[in-house]
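Now for the letters of each chain:
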Amino acid sequence: ESVVKSLEPKRVASSRRATVTIFGSGLSIGSRAVLHIKGISDYVTAKSSNCTIKSDTLVRCVLPETTHGKKTACLLYDSEKDCAANRTAVLVYISNILITGIQPNLSWVRALSQLPNHFDPEIQVV
């Protein structure tokens, strides 16, 4: 029997095609795997046909872009149409995060590289 135990990462950006790793047992039961994504609240469905069965315990899929929110991911094989409860996991699509700056602007590595040539590395800077 094929069982999905976990999914990593559990949170992905909604507008990027992230790769998710599915862990479980009996995952090599078919020749082709598909990850079906169903919205829990909005009933939007998407499908990733870009899945690779790596072993009996690991499958990797490139996720489709979709709206943000909590989704149910279901692993299907070959020509299966219906999701089995033992092959589903919750996946959260989050809005993209835009980083506009990091403080402080000067990193420790850059600060140390700008020390004078006569700086003695045995002296501790606190």
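Residues numbered from 1 in each chain as written. Predicted model: local features only at pLDDT ≥ 70, side-chain atom pairs only at ≥ 80, totals over all residues. Heavy atoms only, no water.

- An unreviewed UniProt entry lists the protein chain under the name IPT/TIG domain-containing protein, with Scyliorhinus torazame given as the organism.

**Some thoughts on the state of the cysteines**
Okay, step 1: Overall, the coordinates contain two disulfides when judged by the stated rule.
Okay, step 2: Through a disulfide, cysteine 51 is tied to cysteine 61; the S-S separation comes to 2.1 Å. Torsion about the S-S bond of the cysteine 51 and cysteine 61 cystine: about 115°, corresponding to right-handed handedness. Here cysteine 61 lies in strand E7 (residues 58-62) and cysteine 51 lies in strand E6 (residues 51-53), a separation of ten residues in the sequence. In this pair, the class of cysteine 51 matches that of cysteine 61, namely buried.
Okay, step 3: Paired by a disulfide, cysteine 74 and cysteine 83 hold their sulfur atoms 2.5 Å apart. Disulfide cysteine 74 to cysteine 83: torsion about the S-S bond roughly -130°, handedness left-handed.
Okay, step 4: Given a relative accessible area of 1%, cysteine 74 falls into the buried group. (Disulfide = S-S within 2.5 Å. Helix = DSSP H or I, 4+ residues; strand = E, 2+ residues; numbered from the N terminus. Buried < 20%, exposed > 50% of the residue type's maximum accessible area, 1.4 Å probe, protein only.)

**Comments concerning the pairing of strand E3 (residues 19-25)**
Okay, step 1: Where strand E1 (residues 3-8) lies against E3, five bridges are found, and the strand directions are antiparallel. Each residue of the ladder has a partner; that of valine 4, found in E3, is glycine 24.
Okay, step 2: As judged from the five bridges shared by E3 and E7, these two strands associate in the antiparallel manner. By the bridge assignment for E7, threonine 19 is matched with valine 62. (Pairing = 2+ DSSP bridges.)

**Comments concerning the sheet that holds strand E5 (residues 45-48)**
Okay, step 1: Strand order in the open sheet formed by five strands is E2-E9-E8-E4-E5, with mixed pairing between adjacent strands. Unpaired on one side and paired on the other, strand E2 (11-13) and E5 mark the two borders of the sheet. Pairwise comparison of adjacent strand axes, ignoring direction, gives a mean angle of 35° for this sheet. (Axes fitted to C-alpha atoms, helices over the stretch in contact; angles between N-to-C directions.)

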